[in-house]
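The lines below spell out each chain.
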Amino acid sequence: MKIVVIDDDPTGSQTVHSCPLLLRWDRPTLLAGLRDPSPLVFLLADTRALGPAAAAARVRQICRALKPALAEAGLEQWLLVSRGDSTLRGHFPLEVEVIEQELGPFDATLLVPAFVEGGRTTVEGVHLLHGEPVHHSPFAADSRFSYATSFLPDWAEAKSGGRRKAAQVGRIGLAELEPANAIGLSARLAALAGNPLLVVDAEKPEQLRALGAALRQVVRPVPLPGREGPRPRRLLLQSAASLLNGLANLPPQPLEPAALAQLRRSGAPGAVLVGSWVPLSNRQLQELLLEPACLGVELPVTRVLAALRKAHTASAESLGGEQERDLELDRDLELELELELELAEVMANVIAAGRTPVLFTSRGEAICHDAEERQRLGRALALQIARLAARLPVELSYLISKGGTTSQTLLSSGLDLGTVRLEGQLLPGLSLLRLPADHPLFPALPLLTFPGNLGTAGTLRQAWRRMQGFDDLPP
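Residues numbered from 1 in each chain as written. Predicted model: local features only at pLDDT ≥ 70, side-chain atom pairs only at ≥ 80, totals over all residues. Heavy atoms only, no water.

## Considering the packing of aromatic side chains
Right, so step 1: In total, this model carries 2 aromatic pairs according to the counting rule given.
Right, so step 2: On the numbers, 5.2 Å between centres and 15 degrees between planes, the contact of F92 with W155 is stacked. Of the two residues, F92 sits in the loop between β4 (78–83) and α3 (94–103) while W155 sits in helix α4 (residues 152–159), which places them 63 residues apart along the sequence.
Right, so step 3: Taking relative accessible area as the criterion, F92 reaches 6% and is therefore assigned buried.
Right, so step 4: Here W464 and F470 contribute two aromatic rings whose centre-to-centre distance is 6.0 Å and whose plane-to-plane angle is 70 degrees, an arrangement assigned as edge-to-face.
Right, so step 5: Geometry around F106 places R234 over its ring, the cationic atom sitting 4.9 Å from the centre. (Phe/Tyr/Trp six-rings, centres within 6.5 Å; stacked < 30°, edge-to-face > 60°. Helix = DSSP H or I, 4+ residues; strand = E, 2+ residues; numbered from the N terminus. Buried < 20%, exposed > 50% of the residue type's maximum accessible area, 1.4 Å probe, protein only. Lys NZ or Arg CZ within 6 Å of the ring centre and 35° of its normal.)

Given below as structure tokens:
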């Protein structure tokens, strides 16, 4: 059974290893991914960086490419996961509704936002961050994806605009995920019909492994000898990263973290890119810059915003006053080329001096005219970072990229990748990817993707020290 993950940013593979991540969904790329020996394939949709209409269009495009590819690859049993944020930011239920329209019908949709490795758990339907209701955290005040409740049935009703009533949302509790209740859990899943939404509790990895085993059993049931087998159930999952390991039932990671760090290409320095600006990322950046071998290089947000406004004013005028809204066109905007060349020279000089450049956007959230401009600014900043990464010296040893949109744009635009392979986890939740051996800029470069909302204040510094070949944080 192939597990197909449509990932709303490139960090959803943070609990697994040894699988392909696709940044394109043309027929050859999809078929290669579906035929890969790994049970998992990720399609990096990057929809969290888009507005609702663009996100829906992208998911629809992926589904329409995926449907014939699944048939051509000969995959009769497959399980589709819409991977989302463990702090509840993203386009739910929009994306699962599009998937239902294009690839349905499904017997049920399961909502499983627990990411236990990062302290995100769900107990009695309440989603928690380190034991506290997640709506009390800064993530709930996100300018695009804010919410006011951690009780997931109420959250689902609010996010759906009342289309999914809280009273109609089912729940799978912790007791049902105990090993002694495995038969009952499978029977409950097998009886689902009509695509209800069910919230799943989880606070331990073994509970998600139990759910994964039950899902595998009902999606691909094994008939008893001499009897006709039960109908395979068609279930759709909206989940964070932790469930994926339970679904795939992977063997241990082939390379231990120390061996992953040794994939660095040479004794030359690496580089760190920090696009995420959430409070935790700010603390992590401050901690990293305490290292004498690291030097901060600031990308001024106000300058990029001014260039963005100028470019779009000119675009609107050329269109007779109609503002172009396609985010993909930002790819072609030469925003502040002078600034780009200036910062690229600074970073090259830092590397030549034997130190690690830490490129970061000005801290804080810029004051934008509206949500659309804020979204365009985020995309423009990510593109600037990606272009700067592509200008780094060829002897670069490794890259660390912090932030989902930053990492996605780096992979797709800066490094022009169609597929990249996940090697494993350097630290819990931190995926180490490796560029193809024939990449024109950085052959076989290890690249660590680092979610903006993960870890403690010292985790970025710890990851950097690991890639540098140091053991632990200094006393």
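## Section: the nonpolar core
Right, so step 1: In terms of nonpolar packing, the biggest core is built from 72 residues, with L110 and L189 touching the most fellow members.
Right, so step 2: Ignoring sequence-local partners within four residues, the contact set of L189 consists of L110, I172, L211, A214, L215, V218 and R233. (Core = buried A, V, L, I, M, F, W, Y, C linked by side-chain atoms within 4.5 Å. Contact = heavy atoms within 4.5 Å.)

## Concerning helix α12 (residues 371–390)
Right, so step 1: For α12, built from 20 residues, the straight-helix expectation of 28 Å at 1.5 Å per residue is met to within 8% by its first-to-last C-alpha distance of 29 Å.
Right, so step 2: Counting buried residues along α12, 15 of its 20 residues qualify, which places the element largely inside the surrounding structure. (Expected span 1.5 Å × (residues − 1).)

## As for unusual backbone geometry
Right, so step 1: The omega torsion across F92 and P93 is 0 degrees, close enough to zero to call that bond cis.
Right, so step 2: Assignment of secondary structure puts P93 in the loop between β4 and α3.
Right, so step 3: In this chain, G104 is followed by P105 through a cis amide linkage whose omega measures 5 degrees.
Right, so step 4: Within the secondary structure, P105 sits in the loop between α3 and β5 (108–112).

## Description of helix α6 (residues 205–219)
Right, so step 1: Along its 15 residues, α6 runs 21 Å from first to last C-alpha, staying within 8% of the 21 Å computed at 1.5 Å per residue.
Right, so step 2: Restricting attention to buried positions, one finds in α6 the residues Q207, L208, L211, G212, A214, L215, V218 and V219. Along α6, the residues classed as buried sweep out an arc of 165 degrees about the axis, all on the same side.
Right, so step 3: Elements that come into contact with the buried residues of α6 comprise β4, β5, α5 (182–190), β10 (197–200), β11 (235–239) and α7 (242–248). (Arc of directions from axis to C-beta.)

## Looking at the sheet that holds strand β7 (residues 126–129)
Right, so step 1: If you trace the 3 strands from one edge of the open sheet to the other, you get β6-β7-β8, paired in antiparallel fashion. Strand pairing shows two members of the sheet lacking a second neighbour, β6 (120–123) and β8 (132–133), which therefore form its edges. (Pairing = 2+ DSSP bridges.)

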